[in-house]
Amino acid sequence: MAQTFLNLAQGVTGTLPNANFSGGKLLQTVSSTLSSSVDTSSQSYADTGLSVAITPSATSSKILVFVSHTGLLKESSDNAGKIELGRTISGGSYSSIRFFDGDFGRTGNTDLSVVGGSSTSKLDSPNTTSAITYKTRFACSVTSASTIRVQQNNCVASITAMEISA
């Protein structure tokens with residue numbers, strides 16, 4: 001196959017503007033893992049135990065969060081699990097910022113079901129220089145008649161938060 005080259009300056013007259021790209025620099029990264037299994041049989045959200053704390057250096061910074069949960073399980077009944085990512089700022093009230101799995105383990109029957117995992121990412125604009133804790137919570141999405149679990153058999157879950165300059 002013959003290569004074709006494109007001459008970007010060909011036919012251009014005058015002065016080309018300078019491109020100025022600022023911002024978007026990675027300022028800090030923090031991460032955490034969890035490998036202990038956590039159960040719930042409630043339709044109310046409970047902490048998974050996975051969390052990470054970061055303190056932005058500027059109110060204009062964005063926080064890019066990556067989350068991965070593995071070893072998701074529903075024990076019996078026609079049940080399933082749901083997971084969300086949320087944050088607290090300076091120990092304040094919890095706010096959900098990303099619902100990322102709403103039906104893990106659902107089979108439509110009473111069989112045991114183990115799912116490989118679920119993950120998400122979120123570019124957050126918290127507009128603060130106070131400490132932020134990002135964490136995940138989970139709950140039964142269908143019924144409270146049986147248990148759901150994260151990190152079955154001590155599978156590893158992880159969360160990473162990165163501060164990106166504006």
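As shown above, the structure is provided for reference.
Residues numbered from 1 in each chain as written. Predicted model: local features only at pLDDT ≥ 70, side-chain atom pairs only at ≥ 80, totals over all residues. Heavy atoms only, no water.

## Examining the sheet that holds strand 3 (residues 46-54)
Then step 1. Read from one edge of the open sheet, 4 strands run 3-8-5-6, paired in antiparallel fashion. Two strands in the sheet have a free side with no partner beyond their single neighbour: strand 3 and strand 6 (95-104). For this sheet the average axis-to-axis angle between neighbouring strands, irrespective of direction, equals 15°.
Then step 2. Strand direction decides the pairing type here: strand 5 (residues 81-89) and strand 6, joined by 6 bridges, are antiparallel. If you follow Leu-85 over to strand 6, its bridge partner there is Arg-98. (Pairing = 2+ DSSP bridges. Helix = DSSP H or I, 4+ residues; strand = E, 2+ residues; numbered from the N terminus. Axes fitted to C-alpha atoms, helices over the stretch in contact; angles between N-to-C directions.)

## A closer look at the pairing of strand 5
Then step 1. Counting buried residues along strand 5, 8 of its 9 residues qualify, which places the element largely inside the surrounding structure.
Then step 2. Hairpin connection between strand 5 and strand 6: a loop of 5 residues separates the two successive antiparallel strands, and Ser-90 in this loop has a positive phi of roughly 55°.
Then step 3. Relative to strand 8 (residues 132-140), strand 5 runs antiparallel, the two being bridged by 9 bridges. By the bridge assignment, Arg-87 is partnered in strand 8 with Tyr-134. (Buried < 20%, exposed > 50% of the residue type's maximum accessible area, 1.4 Å probe, protein only.)

## Section: the side chain of Gln-152
Then step 1. Note on placement: Gln-152 falls in the loop between strand 9 (148-150) and strand 10 (157-164).
Then step 2. The exposure class of Gln-152 is buried, given its relative accessible area of 16%.
Then step 3. Among the polar contacts made by the side chain of Gln-152, one reaches the side chain of Arg-149 at a distance of 2.7 Å.
Then step 4. Every residue in contact with Gln-152, bar those within four places of it in the chain, is listed here: Ser-37, Thr-70, Gly-71 and Leu-73. (Polar contact = N/O pair within 3.5 Å; in protein donor to acceptor, adjacent residues only side chain to side chain. Contact = heavy atoms within 4.5 Å.)

## Section: the nonpolar core
Then step 1. One finds Ile-63, Val-65, Val-67, Leu-85, Tyr-134, Ile-159 and Ala-161 to be the most contacted residues of the largest nonpolar core, which totals 22 residues.
Then step 2. Elements with a minimum of two residues in this core: strand 3, strand 4 (62-74), strand 5, strand 6, strand 8, strand 9 and strand 10.
Then step 3. In contact with Ile-63, other than residues within four places in its own chain, are Ile-54, Pro-56, Lys-122, Leu-123, Asp-124, Pro-126, Ile-132, Tyr-134, Ala-161, Met-162 and Glu-163. (Core = buried A, V, L, I, M, F, W, Y, C linked by side-chain atoms within 4.5 Å.)

## Here we look at the pattern of salt bridges
Then step 1. Applying the stated criterion across every chain, the model contains 4 salt bridges.
Then step 2. Here Arg-149 ties to Asp-39 by a salt bridge, and the two come within 2.5 Å at their closest N and O atoms. Within this pair, whereas Arg-149 is found in strand 9, its partner Asp-39 is found in strand 2 (residues 38-40), the two being separated by 110 residues in sequence.
Then step 3. Under the relative-accessibility criterion, Arg-149 is labelled buried at 13%.
Then step 4. Judged by relative accessible area, Asp-39 falls into the partly exposed class, the value being 42%.
Then step 5. Notably, a salt bridge pairs Asp-47 with Lys-135, separated by 3.2 Å at the nearest N-O pair. (Salt bridge = Lys/Arg side-chain N within 4 Å of Asp/Glu carboxyl O.)

## Re unusual backbone geometry
The phi torsion of most residues other than glycine is negative, and most of the peptide bonds are trans.
Then step 1. Of note in this structure, Ser-90 is not a glycine but carries a positive phi near 55°.
Then step 2. Along the polypeptide, Ser-90 turns up in the loop between strand 5 and strand 6.
Then step 3. Despite not being glycine, Gln-151 has its phi angle at roughly 60°, a positive value.
Then step 4. Judged by relative accessible area, Gln-151 falls into the buried class, the value being 0%.

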